[in-house]
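Remarks on the overall topology
Here's the letter readout for the chains.
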Amino acid sequence: MPKKKSLMLKKEEPHVVIIGAGFGGLAVARGLKDVPVRVSLIDKSNHHLFQPLLYQVATAALAAPDIAVPIRKLLWKQENATVWMANVTRIQTQQKEILLDGIPVAYDYLVVAAGMMHTYFGHDDWAAHAPGLKTIGEALDVRRRILRAFESAELEPDPKQRRSWTTFVIIGGGPTGVELAGALAEIAGHTLARDFRHFDPRKTRVVLIERSERILSAFDEKLSKKARAELESLGIEVRTGVAVTDVQQDYVELDDEKIPARTVLWAAGVKASPLAAQLGVPLDRAGRVWVEDDLTIPDRPEVYIVGDLIARTQDGKQLPAVAPLAMQSGRQVARNIRLAVEGKAGEPFVYIDQGSMATIGRNRAVAQIGRFRFSGIFAWWLWLLVHLMSLVDYKRRVVVLFEWAWAYFTWQRRSRVILEVPHQIAPDRPSVHGRRLFSASAPPQAAKLRLKRSGT
Ligand SMILES: Cc1cc2nc3c(=O)[nH]c(=O)nc-3n(C[C@H](O)[C@H](O)[C@H](O)COP(=O)(O)OP(=O)(O)OC[C@H]3O[C@@H](n4cnc5c(N)ncnc54)[C@H](O)[C@@H]3O)c2cc1C
């Protein structure tokens, strides 16, 4: 007679709820593979996204599936893990539960790895004219705007208007802004150079605006000067120490200039997911959570913070919001949950800085790793290698390597399809109706879910 042991045991296994399947949340889930817990990994999208290459999707170098993998595909072999595609609307630490679109889910341990979102510093109306880059949807929107701008320039008889279609303004001189500017210069100067008859794409104007005194301010000063020189050699106008005062559909206004531009991209500011504020603990200015040494929050040893949401200083410096921090903190939290399940105290988290890199364009990048500083072609190859090897699976590495090699030799970008979004698209996602999905002491399989398609 088959033993009922596993089901009985499962009922007693603690329930770990992880919010967010980015670098951090995924590292926690994977780290709990052999731990006697039930893991529920919840994300509002169905894919894990490699954000560092989003700008390549936005600039038509890569296709969306090259950098986005279904979360289920990544965890299908892990028997103690369940994936939920749902939006977490509330965290109630007193009741030890979260709400999924209003439906309560109880937890024994909670990991908040919901990351950051754009902020327009009080000018939310700018978002419509200056999209940011955080999701695949946004990258495809940016790609559509860039490619459309060139098509509109070809149709435009008025030279002034045509100039505004071929002017691209990027706000924010961090790595994403620099990468976007470099890629745009390459598209205009090479990829599309001979494709149009009524204007010369090589005369495209690309302006990069940074409020502080230098671009790539997190890098060594020499490297940021080097990056600026490289951008300028590509014909990009770099404006530093200047603030944006207004963004509208057809212009960007600065302290001292009004730039007519139909395509404006936002790479300037991020703030924490609003879920952080629901924890009722101290936050930093960007809304991130000040964590204890073991990455729990004050007075709640069962709640952990991972990735971009961590506010913490180490050696007098604030920890950076980068992928290595998310992965390292995720692995540490998995270890600490294992220790907690065994009735032991958690270990303190120590971040190991693996360096920083930014690419400017073909054969041009900057990198700082420990005491070492690199720029030019060596830094570029290093950047390629690190990003290739960081992709989540082997198959994607091969595909991306092929795309990059092809682009390198031909100067072409393969993903130049303009995808228009139908205005009245039906919401095509199941909605969940029911009460409590499952309690902390019952296995997820016992959940009574009724899935219903929304009407049009
Ligand atoms: C354009 C861009 C380029 C970057 N380039 C680099 C780089 O070159 N090198 C580097 O190290 N770092 C880079 N970063 C930063 C790096 O991507 C982040 O530090 C890292 O992704 C943080 O991981 P995370 O797990 O904390 O959050 P994220 O990866 O942002 O994941 C958060 C997850 O939570 C989900 N989520 C959020 N709210 C909810 C909710 N309410 N309910 C359900 N799910 C929710 C989101 O859908 C998302 O999947 C870049 C970031 C961007 C945006």
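Refer to the structure printed above.
The structure contained in this document is the topic of the report that follows. (Residues numbered from 1 in each chain as written. Predicted model: local features only at pLDDT ≥ 70, side-chain atom pairs only at ≥ 80, totals over all residues. Heavy atoms only, no water.)

**Points about the sheet that holds strand β25 (residues 356–361)**
Spatially, the 3 strands line up as an open sheet ordered β25-β26-β27, and their pairing is antiparallel. At either end of the open sheet lies a strand with only one pairing partner, and these are β25 and β27 (372–375). The sheet shows a mean angle of 5 degrees between the axes of neighbouring strands, direction not considered. (Pairing = 2+ DSSP bridges. Helix = DSSP H or I, 4+ residues; strand = E, 2+ residues; numbered from the N terminus. Axes fitted to C-alpha atoms, helices over the stretch in contact; angles between N-to-C directions.)

**Looking at the packing of aromatic side chains**
If you walk through the whole model with that rule in mind, you get 16 aromatic pairs. Ring centres of phenylalanine 372 and phenylalanine 374 lie 6.5 Å apart, and the angle between their planes is 15 degrees; this geometry places the pair in the stacked category. Aromatic side chains tryptophan 381 and tyrosine 408 sit 6.4 Å apart centroid to centroid with 50 degrees between the ring planes, which places their arrangement in the tilted category. Pair noted here: tryptophan 381 is in helix α11 (residues 377–390) and tyrosine 408 is in helix α12 (residues 394–410), with a separation of 27 residues, a long-range link. Directly above the ring of tyrosine 251 sits lysine 258, whose terminal nitrogen or CZ lies 4.1 Å from the centroid. Taking the ring centre of tryptophan 411 as reference, the NZ or CZ of arginine 362 above it sits at 3.4 Å. (Phe/Tyr/Trp six-rings, centres within 6.5 Å; stacked < 30°, edge-to-face > 60°. Lys NZ or Arg CZ within 6 Å of the ring centre and 35° of its normal.)

**Overview of the pattern of salt bridges**
For the structure on display, the rule yields 19 salt bridges. Between arginine 416 and aspartate 195 there is a salt bridge; the shortest N-O distance is 2.8 Å. Taken together, the residues span a long stretch of sequence, with arginine 416 in the loop between α12 and β28 (430–433) and aspartate 195 in the loop between α8 (175–191) and β12 (205–210) at a distance of 221 residues. Among the ionic contacts, a cluster of salt bridges with common partners joins Arg205, Glu237, Arg239, Asp256 and Glu257. (Salt bridge = Lys/Arg side-chain N within 4 Å of Asp/Glu carboxyl O.)

**Some words on the site of the ligand**
The immediate surroundings of the ligand are formed by 27 residues, with Gly24, Asp43, Val88, Asp308 and Ala323 found nearest. Lysine 44 has a polar backbone atom sitting 3.1 Å from a nitrogen atom of the ligand. The separation between an oxygen atom of the ligand and a polar side-chain atom of glutamine 51 is 3.0 Å. Protein coverage of the free-state accessible area of the ligand, which is 1000 Å², stands at 87%. Among the elements of the structure, α2 (23–31) and α10 (323–341) are those that each provide at least two residues to the shell around the ligand. With 3 residues, α10 is the single largest residue contributor to the shell around the ligand. (Near = heavy atom within 4 Å. Polar contact = N/O pair within 3.5 Å; in protein donor to acceptor, adjacent residues only side chain to side chain. Areas by Shrake-Rupley, 256 points an atom, 1.4 Å probe, with all protein chains shown as cover.)

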